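# Survey of secondary and tertiary structure
If you want the building blocks of each chain, they are given just below.
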Amino acid sequence: MIYVMSYGIIYVNGEANMLNEQTQKVTAHIPVNLLHDAQAVTGKGITETLKIALIQLARANAYEDLRKMRGKVKFSIDLNELRKDR
């Protein structure tokens, strides 16, 4: 088994598991074609496909926050020195 933690989510062999997380049952009106297309991409059922979509949305927001910081954080790392290790 492979465990990778990211944003409070534990992945076991590529499957997202939210241990000790509360869940909420929801009813949503989702276009059938959109849902089927998403399921075709994930190869998963409805619940797992929606979890993956929500995780990716949360990550996209985090990445956008990081992009906004571009050029505002100073690092004391010399890129040329790092490249010598290759």
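On a predicted model such as this, the values are computed, not experimentally measured, just so you know.

Of the residues in the chain, 76% reach a pLDDT of 70 or more, and the chain-wide mean stands at 80. Across the chain, the element-wise mean pLDDT spans from 50 in strand 1 (residues 3-6) up to 95 in helix 1 (residues 32-42).

Turning next to the pattern of salt bridges. Should the charged atoms of two oppositely charged side chains come close, the side chains can pair. In total, this model carries three salt bridges according to the counting rule given. E64 is paired through a salt bridge with R67; the nearest N and O atoms lie 3.0 Å apart. Remark: R67 and E64 occur in helix 2 (residues 46-68); sequence separation between them is three residues, near one turn of the helix. Classification of E64 by relative accessible area gives partly exposed; the value is 36%.

A separate point is the side chain of T49. Along the polypeptide, T49 turns up in helix 2. A polar contact is formed between the side chain of T49 and the side chain of T42, at a distance of 2.9 Å.

Here we come to the layout of surface pockets. Approximately 550 Å³ is the volume found for the largest pocket. In terms of lining, the largest pocket is formed by 16 residues, of which the most central are Q24, V26, T47, K51 and L54. Here the element with the most residues in the lining of the largest pocket is helix 2; it accounts for five residues. The residue makeup of the lining of the largest pocket, split by class, is eight nonpolar, five polar and three charged.

Each value, and the rule that gives it
Residues numbered from 1 in each chain as written. Predicted model: local features only at pLDDT ≥ 70, side-chain atom pairs only at ≥ 80, totals over all residues. Heavy atoms only, no water. pLDDT = per-residue confidence, 0-100. Helix = DSSP H or I, 4+ residues; strand = E, 2+ residues; numbered from the N terminus. Salt bridge = Lys/Arg side-chain N within 4 Å of Asp/Glu carboxyl O. Buried < 20%, exposed > 50% of the residue type's maximum accessible area, 1.4 Å probe, protein only. Polar contact = N/O pair within 3.5 Å; in protein donor to acceptor, adjacent residues only side chain to side chain. 1 Å grid on protein atoms, 1.4 Å probe; cavity = no way out; pocket = protein on both sides within 12 Å on 5 of 7 lines; lining within 4 Å. Points joined across faces, edges and corners; volume = space filled by probe spheres on them. Nonpolar A, V, L, I, M, F, W, Y, C, P; charged D, E, K, R; others polar.

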